[in-house]
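Descriptive analysis of the structure
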Amino acid sequence: MQNNPFIMKYRTCCPAHCGIDACGILAHIKEDKIIKLEPAEFPDPIDRRICLRGLSSLDITYHPDRIKYPLKRVGERGEGKFIRISWDEAYNLIIENFKKISEKYGWRAIGWVLGGPGAGTTKFGAYLRLASLTQSTRVSAWGYGDAGLPCGSRIILGHQFPYIHLQGKFWQREWPELLIVWGTNPGESMPLQNMRKIMDAKEQGTQVIVIDPRFTITASKADQYIGLRPATDSALALGIMNIIFKNNLHNKNYILEHTNGPYLVRTDDGKLLRGKDIGEKKVEAYILWDGASNSHKVVRRKNSGDICLTGTYKINGIEVKPVLQLLMDLASEYTPEKTAEITGVSPDLIIKLAKRIATAKDVTFLTHMGFTRTYHGDISLRGLISVAVITGNVTTSFSSGYLPATLNWEPFLNARPGEPSYHRLGILKLYDAVIKGDPFPIKAIWFAFINFLNQCVNTNKIIDEFFPNLEFIVQTELFLTPSAKYADLILPVCSFLEFSDFLSFPYPYLQLQRKVIEPLYESKSDVTIVSELADRLGYGEYFKGGEESMIDMIMDNPTLEGVNRKVLEQGAVKLKPLPEGGSFPLGFNTPSGKIELYAEQLIEDGQALPVYLPPLEAPITPEKRKYPLSFIQGHSRFRTHSSFANVQSLLDLNPEPLVEINPKDAKSRSILNNDYVTVYNDRAKTTLKARLTESVPSGVINITEGWWIDQFKEGSVNHLTHDIVNPVQEKVYEPNMHMNDVAVELKKAEAK
Amino acid sequence: MNIQLGLVIDQERCIGCEACTVACRIENNTSLLWIKVETLGGEEKDTPNGKHPNLSLNFLPHLCNHCERPPCIDSCSIDALVKLENGIVMLNQEECTGCKACLSSCPYGVIEFNEETNIAEKCNFCSHRINENLEPFCVICCEGQAMVFGDLNNPNSKISQMIAEREVFQLKLEEKTKPSVYYCPPKPKYNL
């Protein structure tokens, strides 16, 4: 390409929901058309990046199948028959239906189902603001795969995410001696922000271990790969802890200072002993045992003496043990042999792994959502964090690097201060709300940036029971996705190059996702659609100024002082560094203010400790099971969830869904490579091509998620998944979908 | 000394993502694959070698080697293939007649034939970008930062230093073509 004076270059960034990569993009524009995208510069040149999906973004923006006008359904739901209507007609249809439904059931019967907003902020915020004003229902999408990790993190650390505690230093490029990548495959799902750093660390001498049921791209880069059965992570964690305790390698000072490990637990009811139980003045205080005076002590900010982590004691006739003793007792059941039986990892490897973790100078645990998409995924995370805690590898203070930004979410969460805001419903609870009216009926749904039918669990239930109970379905979309086919009204939205938003990613940067061309066809941004609808509902004043005013609003926080749209148009801005020598505690928002190795609120559930509980479906003893195969869904580098599944240039390299199966399991079922096979369970079946590979162990099959339903011969991945709610997760936060805790059988497809 | 532009691909950092392939197709406006990522493992793409869990998987991107002694140039009867002063082996599509002689002359099999236009195509190291002092597009789009581009004849260049310091190999040295694409093999693994 020549240096053409008629080509304009604008910097924007990709919000494709890889989570945190948010690649800066330089768009080349000639006569209102984007002719090229390239990776944009970052203040630190090493951070310049793009991935194969981001590179292919123009194939979405200029895709021939884009929805160009508002479409009103004329055929049956799912049939895909629509007619073009005007935006005025579309808004009138929405108002008419919202009015009818809100008069009959109240505004809370109208739900906003907002999917992964990616790294976007205001496109998500605008919907929240309207939901807040109308007191309708925000359906939280954490539960479609991303609620298990927050559940576990909330219990043990008191924070939504564990990342700053586990890998904060790693993100500051402080390389550890040992890096454990557990239950995540950044090589495909977060190649830039995480995978590059893994390789940078390895170059500097970090030993890398990957724990995953599949031998992933990330595993291929590891010094040591540890393959375990799906949904057995907490057993492995207990097996590791057992070796560490047995060898007296746990970090006692750390446990004493930062955890509730020394707090005494009553052996009669499992509750933490309190001052009131033994006649102390400080009635709610936790109690310790001091070995020096051989008596109890009330917990204070600083606890001197010889505080015991082990033993059994009697105070006023009440038998008590320190939390750590209970954890040790539990872990002692997980001998290398028993742990091996459950996890499939050899006893020898478990011992070596445990000793390495305990003796390394420092260990980073890099993790994400994948392994928590199991019925007890929240406990899996607690197990992992417990291993990190007892070896002193959970960071407790922020002492170097760039201070994370705080965004001004308040006007979006509570549009009118002091007045009630929206109702909130987890997405897995939405099924019962729609189908049974429990806890309250939802009668209309607005889907935005979500391919609900494709990506959420139990497809047939959605088609047969969920959609028929809805009186009105709106979907904002770029394409006629499997889910959009069921909408009554489809509103065409812009691709990310056609509207503006603010991103606080990738760490340590702030970026503007800048509109580089005008919206194509009759498409509008989500923010514009919300603003225009709000105007018609009488809330126009709250959205004056559209996208730009929303961006200014969300950036209105002291941590973003001096940063504004004008500055960000020039490029990414680095966050403010922590002043030299500065340091502040990260804190733990748990009931005790400590890391909680023992969670008192889960005593009745039998989950106060990070116990191993067998998976809901994933078979541990396959020979006894009707459905002997464990079915998991890895992520593909060719898609971000279901985005990019319809991009031909990427389909050229990865043309169709494949089920990965171990050659041994294929042989026993007389299946050859490239045979069409049917994967099934009691819920449904799906038919696709078999790929024989050792990347999955015997007993496990993998189909990457995100393929559209119509790309399978029949069925799809989520036809096989279940919508069972874990009540503990519901109690703690919100229940997660468990896409990686599913049992199936597989057979050669019948010839058609 | 003359310039010889070359490339080092570090297998230790290549994650087989094929961003290079995608980048190349966009930059050069072609439907063909001028750079192709080979799986070194099982027989199928992205599959490992060995038995679970003792497995290995690596990647080897193939592209024009911009040989110092390029046999394709000798095979071309009309000078559509030329060696530029910076060492790039350039295929001028405007002059190519589609005789396919170069395809069989290349020991690396990296010259592609476009059945629609009846013309041979291959990697030109993004010669149009080199003229603007830019690196090849695949290099700046490499997810793993596994590619280093530069002048092999300049001992101070990053690429020359990398070749001097790291273990490297070239493909099919027995063909005596003196390829300008080098590879760093994966490093040994430190098992538990």
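In this section: the overall build of chain B. From N to C terminus, chain B includes six helices and 11 strands. By the compact-globule yardstick of 16 Å for 192 residues, chain B fits well, its C-alpha radius of gyration being 17 Å. Dimensions of chain B, computed from the C-alpha atoms along their principal axes, are close to 60 × 40 × 30 Å. Out of the 192 residues in chain B, the part that is buried amounts to 43%.

Another aspect to go through is the overall build of chain A. In terms of helices and strands, chain A carries 25 helices and 31 strands. The C-alpha atoms of chain A give 27 Å as radius of gyration, which agrees with the globular expectation for 752 residues (27 Å, within 12%). Expressed as a percentage of the 752 residues in chain A, the buried residues total 56%. In chain A, the proportion of contacts linking residues at least 24 apart, taken out of those at least 6 apart, comes to 74%.

This paragraph deals with the pairing of strand E16 (residues 363-367) of chain A. A regular strand carries its side chains on alternate faces of the sheet. All names here are of chain A. Of all five residues making up E16, five are buried, and the element is well covered by its neighbours. Residues Val363, Phe365 and Thr367 line one face of E16 and the alternating positions Thr364 and Leu366 line the opposite face, and both faces are buried. As defined by bridge partners, strand E8 (residues 178-182) adjoins E16 across five bridges and the pair is classed as parallel. Bridge pairing in E16 links Trp182 to Thr367.

So, about the domain arrangement of chain A. All names here are of chain A. When its domains are assigned, chain A resolves into domain 1 (71-144 + 405-501 + 517-558), domain 2 (150-400 + 590-602) and domain 3 (622-748). Domain 2 and domain 3 are separated by 31 Å when their C-alpha centres are compared. With 23 residues of domain 2 at the contact, the number on the domain 3 side is 22 residues. Elements with a minimum of two residues in the side of domain 2 that touches domain 3: helix H5 (148-156), helix H7 (186-189) and helix H15 (377-390). Sort the elements by how many residues they give to the side of domain 2 that touches domain 3 and H5 lands first, with four residues.

As a further point, take the interface of chain B and chain A. Listed by partner, the interface residues are 32 residues for chain B and 35 residues for chain A. Every element with two or more residues in the side of chain B that touches chain A is listed here: helix H1 (19-27) and strand E3 (49-51) of chain B. Ranked by the residues each element gives to the side of chain B that touches chain A, the list is headed by H1(B), at six residues.

This paragraph deals with unusual backbone geometry. Note the cis peptide between A:Asp438 and A:Pro439, where omega equals 5°. Take A:Pro439: it is sitting in the loop between helix H17 (430-436) and strand E19 (444-448). With an omega of 0°, the peptide bond between B:His52 and B:Pro53 qualifies as cis. The topology assignment puts B:Pro53 in the loop between E3 and strand E4 (54-56). Unlike most non-glycine residues, B:His66 shows phi in positive territory, near 40°. For B:His66, the location among the structural elements is in the loop between strand E5 (58-62) and helix H2 (71-75). With 27 C-beta atoms packed within 10 Å, B:His66 lands in the buried category. Phi is positive for B:Lys100, which is not a glycine, with a value near 70°.

The strands that make up a sheet are held in pairs by hydrogen bonds between backbone atoms, and each pair lies either parallel or antiparallel. Residue and element names in this part refer to chain A. Pairing within the open sheet is parallel, and its four strands lie in the order E10-E9-E8-E16. With one partner strand each, in any of the chains shown, strand E10 (224-226) and E16 form the two edges of the open sheet. Strand-to-strand twist of the sheet, defined as the mean angle between neighbouring strand axes without regard to direction, takes the value 20°. As paired elements, strand E9 (residues 207-211) and E10 share three bridges and run parallel to each other. What sits directly across from Val210, in E10, is Tyr225.

Looking at chain B, pLDDT values average 97 and 99% of them are 70 or higher. Predicted complex metrics record ipTM = 0.97 and pTM = 0.97.

This next bit is on the packing of helix H4 (residues 122-134) of chain A against helix H21 (residues 546-554) of chain A. Residue and element names in this part refer to chain A. In the contact formed by H4 and H21, the axes pass within 10 Å of each other and the chain directions differ by 95°. For the element pair H4 / H21, the angle class is roughly perpendicular. Two secondary-structure elements touch here, H4 through Thr122, Gly125 and Ala126 and H21 through Glu547, Met550, Ile551 and Ile554. Across the contact of H4 with H21, the residue classes break down as four nonpolar, two polar and one charged.

What follows covers the pairing of strand E6 (residues 110-114) of chain A. Residues and elements named next belong to chain A. For E6, the tally of buried residues reaches five of five residues, placing the bulk of the element in the interior. On E6, burial covers both faces: Ile110, Trp112 and Leu114 on one face and Gly111 and Val113 on the other are all buried. In the sheet, E6 pairs with E19 via five bridges, with the strands oriented parallel. Residue pairing in the sheet places Leu114 in a bridge with Ala448 of E19. Pairing geometry for E6 and strand E7 (residues 137-140), over three bridges, is parallel. Looking at E7, one finds that Gly111 is bridged to Thr137.

Here the focus is the sheet that holds strand E1 (residues 7-13) of chain A. All names here are of chain A. The three strands lie next to each other as E1-E2-E3, forming an open sheet whose pairing is antiparallel. Each having just a single partner strand, E1 and strand E3 (33-39) make up the two edges of the open sheet. Ignoring which end each strand starts from, the neighbouring axes of this sheet average 25° apart. Note: strand E2 (residues 24-30) against E3, six bridges, orientation antiparallel. Within E3, the position partnered with Leu26 by the bridge is Glu38.

To continue, consider the packing of H4(A) against helix H20 (residues 526-536) of chain A. Residue and element names in this part refer to chain A. Axis separation between H4 and H20 bottoms out at 8 Å; the angle between their running directions is 20°. Relative to H20, the element H4 is oriented roughly parallel. For the pair H4 and H20, the crossing hand works out as left-handed. In this structure, H4 uses Thr122, Lys123, Ala126, Tyr127 and Leu130 to contact H20, whose residues at the interface are Asp526, Val527, Val530, Ser531 and Ala534. Across the contact of H4 with H20, the residue classes tally to six nonpolar, two polar and two charged.

Calculation rules
- Residues numbered from 1 in each chain as written.
- Chains lettered and ligands numbered in written order.
- Predicted model: local features only at pLDDT ≥ 70, side-chain atom pairs only at ≥ 80, totals over all residues.
- Helix = DSSP H or I, 4+ residues; strand = E, 2+ residues; numbered from the N terminus.
- Rg over C-alpha atoms; globule rule 2.2 N^0.38 Å.
- Buried ≥ 20, exposed ≤ 12 C-beta atoms within 10 Å, placed from the backbone.
- Contact = placed C-beta atoms within 7 Å.
- Pairing = 2+ DSSP bridges.
- Domains from an automatic or database assignment.
- Axes fitted to C-alpha atoms, helices over the stretch in contact; angles between N-to-C directions.
- pLDDT = per-residue confidence, 0-100.
- Parallel < 35°, antiparallel > 145°, perpendicular 65-115°, else oblique.
- Nonpolar A, V, L, I, M, F, W, Y, C, P; charged D, E, K, R; others polar.
- Left-handed = near helix turned anticlockwise from the far one by under 90°.

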